[in-house]
Amino acid sequence: MTETNELIQRIIEGIQEKKGRDIVHIDLSKLEYATTTGFVIGTGNTKIQVEAIADSVREYVQQKTGLKPSNYDGYLNSQWIVIDYGTVFAHIFLPEERERYNLEELWADADIKSIPNLD
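Definitions and limits used
- Residues numbered from 1 in each chain as written.
- Predicted model: local features only at pLDDT ≥ 70, side-chain atom pairs only at ≥ 80, totals over all residues.
- Heavy atoms only, no water.
- Core = buried A, V, L, I, M, F, W, Y, C linked by side-chain atoms within 4.5 Å.
- Buried < 20%, exposed > 50% of the residue type's maximum accessible area, 1.4 Å probe, protein only.
- Contact = heavy atoms within 4.5 Å.
- Pairing = 2+ DSSP bridges.
- Helix = DSSP H or I, 4+ residues; strand = E, 2+ residues; numbered from the N terminus.
- Phe/Tyr/Trp six-rings, centres within 6.5 Å; stacked < 30°, edge-to-face > 60°.
- Lys NZ or Arg CZ within 6 Å of the ring centre and 35° of its normal.
- Polar contact = N/O pair within 3.5 Å; in protein donor to acceptor, adjacent residues only side chain to side chain.
- Axes fitted to C-alpha atoms, helices over the stretch in contact; angles between N-to-C directions.

(A) Local environment of the nonpolar core. Of all hydrophobic cores here, the largest spans 20 residues; its most connected members are Ile11, Ile15, Val40, Val57, Ile83 and Tyr85. Excluding residues within four positions of it along the chain, Val40 makes contact with Ile8, Ile11, Ile12, Ile15, Ile23, Val24, His25, Val88, Phe89, Ala90 and His91. Judged by nonpolar contacts, the second largest core, of 11 residues, contains Leu28, Leu31, Phe39 and Ala110.

(B) Layout of the pairing of strand S4 (residues 80-84). Relative to S4, strand S3 (residues 71-73) runs antiparallel, the two sharing 3 bridges. When the sheet's bridge partners are listed, Tyr72 is paired in S4 with Ile83. Between S3 and the antiparallel strand that follows it, S4, lie 6 residues; Gly74 among them carries a positive phi value of about 115°. The pairing of S4 with strand S5 (residues 88-93) spans 5 bridges and is classified as antiparallel.

(C) Fine view of the packing of aromatic side chains. Throughout the structure, instances matching the rule amount to 6 aromatic pairs. Look at Phe39 and Phe89: their rings are 6.1 Å apart centre to centre, the planes differ by 85°, and that puts the pair in the edge-to-face class. With a gap of 50 residues between them, Phe39 in strand S2 (residues 38-43) and Phe89 in strand S5 connect regions that are remote in the sequence. Note on Phe39: relative accessible area 9%, which makes it buried. The ring of Tyr72 is capped by Arg58, whose NZ or CZ atom sits 3.9 Å from the centre of that ring.

(D) Structural context of the environment of Arg58. Within the secondary structure, Arg58 sits in helix H2 (residues 47-65). Through-space distance from the C-alpha of Arg58 to that of Gly20 is 14 Å; in sequence the pair is 38 residues apart. Excluding residues that lie within four positions of it along the chain, Arg58 makes contacts with Pro69, Tyr72, Tyr75, Ile83 and Tyr85.

(E) Region of interest: the side chain of Ser78. Note that Ser78 resides in the loop between S3 and S4. Accessibility expressed as a relative area gives 3% for Ser78, which makes it buried. A polar side-chain atom of Ser78 sits 3.0 Å from a polar atom in the side chain of Glu51. Each residue touching Ser78, except ones within four places of it in the same chain, is listed here: Lys47, Val50, Glu51 and Leu94.

(F) Representation of the sheet that holds S3 in the model. Spatially, the 6 strands line up as an open sheet ordered S3-S4-S5-S2-S1-S6, and their pairing is mixed. Each end of this open sheet is capped by a strand with a single partner; those strands are S3 and strand S6 (111-115). Mean inter-strand twist for the sheet, computed between neighbouring axes without regard to direction, equals 15°. As defined by bridge partners, strand S1 (residues 21-27) adjoins S6 across 5 bridges and the pair is classed as antiparallel. Bridge pairing links His25 to Lys113 in S6. Packed on one face of the sheet, helix H1 (residues 3-17) meets S1, S2, S5 and S6 and runs near 15° to S5.

What follows is the structure, encoded as structure tokens:
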């Protein structure tokens, strides 16, 4: 498993740890105009859950890989939190914010893999 693939897997597990739903991995590695290799997107039902999922991702990734994000943003309102790992960005949304920004549609020319919900 490459370092990037492990990072993606650990982000997914961090989202699942706090019952995040509708997880997708958008693989941007084959798109020459993309500035990163991919996104992992998940949804939380409330601002508190969005924040808990983002915290879980940061803690889980650091615990399992030793990686810390280079930046993160969105905790002020917790409607959309983005965590920047350089090669991969984790996006945690409230449902209405995810629908509004619709990253899956924006990056529709990328390979998009849906991760089944755990429940």
